[in-house]
Each structure stands twice: as structure tokens, then as C-alpha cells.
Amino acid sequence: MKARRVRPRRRWGTVVAVPTAVARPWNEALDDALRGIAGGLVFGVPLLYTMEVWWLGQTVSPSKALIALALTFAPVALLMTAIGFRRRPDVNVTEVVLDVVTAVGLGLVAVAFVLVILQRITLRTPLPIATQMIVYEAAPFALGAAVAGEVFGRAANRGRLQRDDDEEEDTAKNATLADLAATAMGAAFIALSIAPTEEVPMLVTGIEQPWLLVLIAASILVTYLIVFSAGFTNEEARLQHEGLIQRPVPETLVAYLVSLVTSGALLWFFENLDTAAPTNALAQAVVLSFPASVGGAAGRLVV
Amino acid sequence: MSDRDEGLGEPRSKPTAAEWTIGFIAAAVIAAVAAVLVVDWSAGRAGDPPMFETTVKSVEKIGQLHHVEVEVRNIGDEAGAEVRVDAELELDTDTVEIDQTIAFLAPDEDTTVTFIFEDDPDDGDLSVEVSSYREP
């Protein structure tokens, strides 16, 4: 077997060779949070691109939004009891409550962040309206956060076992192609349901250029976090993964480009770009590339 | 060891201080969200139906045509859908009418629509108003 070079694990911009006793709980807790956010994005991002859900949040009464917030806890608690996004062998009621509250809280924060970068919530949006929009978008997000560890843990594990089986044929070229293909497939899987809708051009009309740059940065960040920081899979093994572009930064950037091109191709396929000026077409691709990046990163976890 | 254990590392025993800290922050976020909703509810926000304010922002001649930008704002307490905006330009010899429909306007939300006239709006009386809407 060919010897592979093991690089030190890099997290949050610093090299962490051996986590200290103090740092480990925080790293694990942050990994849990990132995993929850990533899972929430995979499940919740299509609804973040659905105008009817924005409008629902803007039109319901505060009392109904309050009930919706309360009801969000029930299915999340059910999923937490059955699965949980933390890795505990036996859980008691207190721990389930802690996990549920964390998942719902993460959902509210992450959804607010996405709605802001999509400019669905701005400084001019009244606070009660913004709050109601966040509550309605956070429900599916929290469900995704609840099942994140289970779904992606299994997927990543299956991918690793499959990789071990195919190790004889695992050349750098094959590994690179497999990653690129998985990124494109994952990106298409999520973006396919959003590309033909009116939401993409509608979002473009409401987003100014600086926010498009923020959206690109957020897409790249999400891609990096899901694959290299969220602890879905063994990151050391991932760093050893052979391939022509498989260093975290180039891999992340190339994966984003693949997601962006996939987004453009889907928009073209659904004839959303037919009458668009080149800058508008690029803006549409950038807007769609955020959910596509989430899908692309999730796709790469299984490779 | 289960699949999940293999995929996500060793199972943990009890919540750590870090997990409690993140949990408390999450609880504070939920409490803040609930507080906003309760305050809004007790203030009885539901009141005025959708009401719309129109403001002509600019008139610009582009080529042979005159582009009139109009900001439409919902100053009511409820949202309106399919908001129809009518622009009427009364000239000495003629009256030109154009309408546009805005899909949705939430309370306090505004959007800008543009009407295009062949005639110069300065040569006549321009009026812009919302003529109808639908409940979402």
C-alpha cells in the first residue's frame, strides 16, 4: 500500500495537532453546532427560497407565529429522542431538552442570517415581521438540524467504506473526478427544485451588488464548513484523500465554481436566462449557487 | 459499534460546559423571539387594512421615452397582494393611462415601479395611485 502523508488538522485557521482537555469540549460543541446548521441548511434551504413562506411569515398574526414556534419543538424533540445530533449513548429528559433548545436556537439564528444575506430582511423590515419570517423558516431548519448527525454521519461512513473497497483503483485523477461529480450531483439535487421558480429572478431584483459578494462568501464558507469543519466525517482521512485539488482551500473554491456553473446550467435549462442580460444572468447564478453549494458539499461527504 | 458511532466518533456521556453554554445562548435567542411576538400580540398589531402611499421618485428621459420611477409603500398594518398601481397622465388633448401590479407588499414594505410614457410628464398632470389589492 502506498504511504500517505498525514497533515496536521487545521481548524478555525490554527493548526491543532492534539486538542487540549479544555479545547476539546468546545471543539466538539462547535462541531455539533456546525453539523446542526449544515443539516438544517440541506433540509431548510429550499424553503428559504420560497416566496410563499416569506409571505406567510409576513401575513400571519403574532399569536399564530407564537404557536408555530411552540409547535416546532414537538417534532424536533421527537427526532432528538430517536436520533439526536449529539452522540450520547443514553439520554435523559434534561439532555433532550438541551439538544432541542440548541437545535431550535441554531435554526433561528442561521435562518435569520440567510434571510439577511438574501435581503428578505433588511434594516427597514419591521422587527415583528422579521421575527415571524424567521420563525416560519426555522421550523424545517430545526428538523434538519435534528437529523443532521444521523443522515450525514451514515452517508459519510458509507462513502468511506466504499472508498476502502475501491482503494486499489483510487488514483488521484479518479478521486478528483469523483469529488467534482459528487459536487455537481449534490448541487443539482438541491438547486433543481429552485432553478425553475420565480424566486431566483425576484431575489436578484432585491439584492444589491455588495450583498451578492456576501452571498458568494457565505456559499464558500458553508462549503468549507460542511466538508472540513462540521465533523460529519473523519477530517484527517479527508485531508489524506488523494486528488489533484484536495487541499481544503483549493477544493472548496473549485467546489464552489462547480456549484456556480451547475446553477447557471440549471437556470439556462429552465429558460430563466433567455431574456436576462449577462450581469443579471450571473447574479441569478450567484443567488442559486448558495443552495447549490450546500447540496454540493453534502454530495461530497459521501465521496 | 454502530454506523453512527463510526461516522461521527466516540459517543459522549454527559453534556459539557461548552454544550450548556451554547444551549443557554440558544435559549436566550428563543426567549427573545418569543418576547417580540408576545409584545406584538399584546400591542394588537392587527388593525388598519393595507394602505398605500405612492411617491414619484424621478422622471428621466431615456431616448425618446420618459421613465417615471414611483415608490409604493404599504403603510397599513396588513399585507396586500396583487396591488394595482395606476398612473394617469392628463395632457391638453389626451389622457394616457398605464397600470402595473405588484405581487405582494407586506406592512411597511416598499417597492419601486417604473412607468414609461412617450409624452413628457412635465407637459401634463401626472397622478399615481393604488386602485385595488387582494387579501393574501
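Within every chain, residues take consecutive numbers counted from 1 along the sequence as written. Throughout, the order in which chains and ligands are written sets their labels, letters from A for the former and numbers from 1 for the latter. With pLDDT at 70 or above as the cut-off, local features in this predicted model cover only qualifying residues; side-chain atom pairs require 80 or more to be listed or tallied, and sums for whole chains, interfaces and linings still use all residues.

Focus on the overall build of chain A
Move 1: Put simply, DSSP marks the helices as runs of H or I at least four residues long and the strands as runs of E at least two long, and each gets a number from the N terminus on. Within chain A, the secondary structure is distributed over 11 helices and two strands.
Move 2: The order of α-helices and β-strands along chain A, N terminus first, is β-β-α-α-α-α-α-α-α-α-α-α-α.
Move 3: Taking all contacts inside chain A whose residues are at least 6 apart in sequence as the whole, residues at least 24 apart take part in 86%. Residues are scored as being in contact if the C-beta atoms we place from backbone atoms lie within 7 Å.

Details of unusual backbone geometry
Move 1: You will see that A:Glu271, though not glycine, has its phi angle at about 60°, which is positive.
Move 2: Secondary-structure assignment places A:Glu271 in the loop between helix H10 (248-269) and helix H11 (278-301).
Move 3: Residue classification places A:Glu271 among the exposed residues on the basis of 9 C-beta atoms within 10 Å.
Move 4: Located in the positive-phi region is B:Glu82, a residue other than glycine, with phi close to 45°. A residue is called partly exposed when the number of other C-beta atoms within 10 Å of its own lies between 12 and 20, exposed at 12 or fewer, and buried at 20 or more, with C-beta atoms placed from the backbone.

A look at the domain arrangement of chain B
Move 1: Just so you know, the domain bounds were taken from an automatic or database domain assignment. Per the domain assignment, the segments of chain B are domain 1 (3-42) and domain 2 (52-134).
Move 2: Spacing between the C-alpha centres of domain 1 of chain B and domain 2 of chain B amounts to 47 Å.

Some words on the environment of A:Phe228
Residue and element names in this part refer to chain A.
Move 1: Position of Phe 228 among the secondary structure elements: in helix H8 (residues 209-229).
Move 2: Since 21 C-beta atoms lie within 10 Å of it, Phe 228 is described here as buried.
Move 3: Between the alpha carbons of Phe 228 and Tyr 256 there is a distance of 14 Å; along the sequence they are 28 residues apart.

With respect to the packing of helix H3 (residues 62-82) of chain A against helix H4 (residues 93-117) of chain A
Residue and element names in this part refer to chain A.
Move 1: Contact geometry for H3 and H4: axes closest at 9 Å, N-to-C directions at 125°. As summarised for this structure, H3 and H4 are arranged oblique, according to the angle between their axes. In this structure, H3 crosses over H4, and the sense of that crossing is right-handed. Residues Thr 72, Phe 73, Val 76, Ala 77, Met 80 and Thr 81 of H3 form the contact with H4, whose participating residues are Val 96, Asp 99, Val 100, Ala 103 and Val 104.
Move 2: The classification used treats Ala, Val, Leu, Ile, Met, Phe, Trp, Tyr, Cys and Pro as nonpolar, Asp, Glu, Lys and Arg as charged, and all other residues, Gly among them, as polar. Partitioning the contact of H3 with H4 into residue classes produces eight nonpolar, two polar and one charged. A fitted line through C-alpha atoms represents every axis, and for helices the fit uses only the stretch in contact; the resulting angles, taken between N-to-C directions, go from 0 to 180 degrees. An angle below 35 degrees is read as roughly parallel, one above 145 as roughly antiparallel, one from 65 to 115 as roughly perpendicular, and any other as oblique. Throughout, a crossing is termed right-handed when the near helix is turned clockwise from the far one, and left-handed when it is turned anticlockwise from it by less than a right angle.

Concerning the sheet that holds strand E6 (residues 125-134) of chain B
All names here are of chain B.
Move 1: Two strands form a pair only when DSSP identifies at least two bridges running between them. As summarised here, the arrangement of the three strands in space is E4-E3-E6, forming an open sheet in which the pairing is antiparallel. At either margin of the open sheet sits one strand with a lone partner, and together these are strand E4 (95-105) and E6. Along the sheet, successive strands turn relative to each other by an average axial angle of 20°, direction set aside.
Move 2: Bridge analysis of strand E3 (residues 80-90) against E4 gives 10 bridges, and the strand direction is antiparallel. Residue pairing in the sheet places Ala 81 in a bridge with Phe 104 of E4.

Describing the environment of A:Ile190
All names here are of chain A.
Move 1: Mapped onto the fold, Ile 190 is located in helix H6 (residues 172-191).
Move 2: For the pair Ile 190 and Ser 259, spaced 69 residues apart in the sequence, the C-alpha separation amounts to 10 Å.
Move 3: Beyond its immediate stretch of four places on either side in the chain, Ile 190 contacts Val 45, Pro 46, Pro 291, Ala 292, Val 294 and Gly 295.

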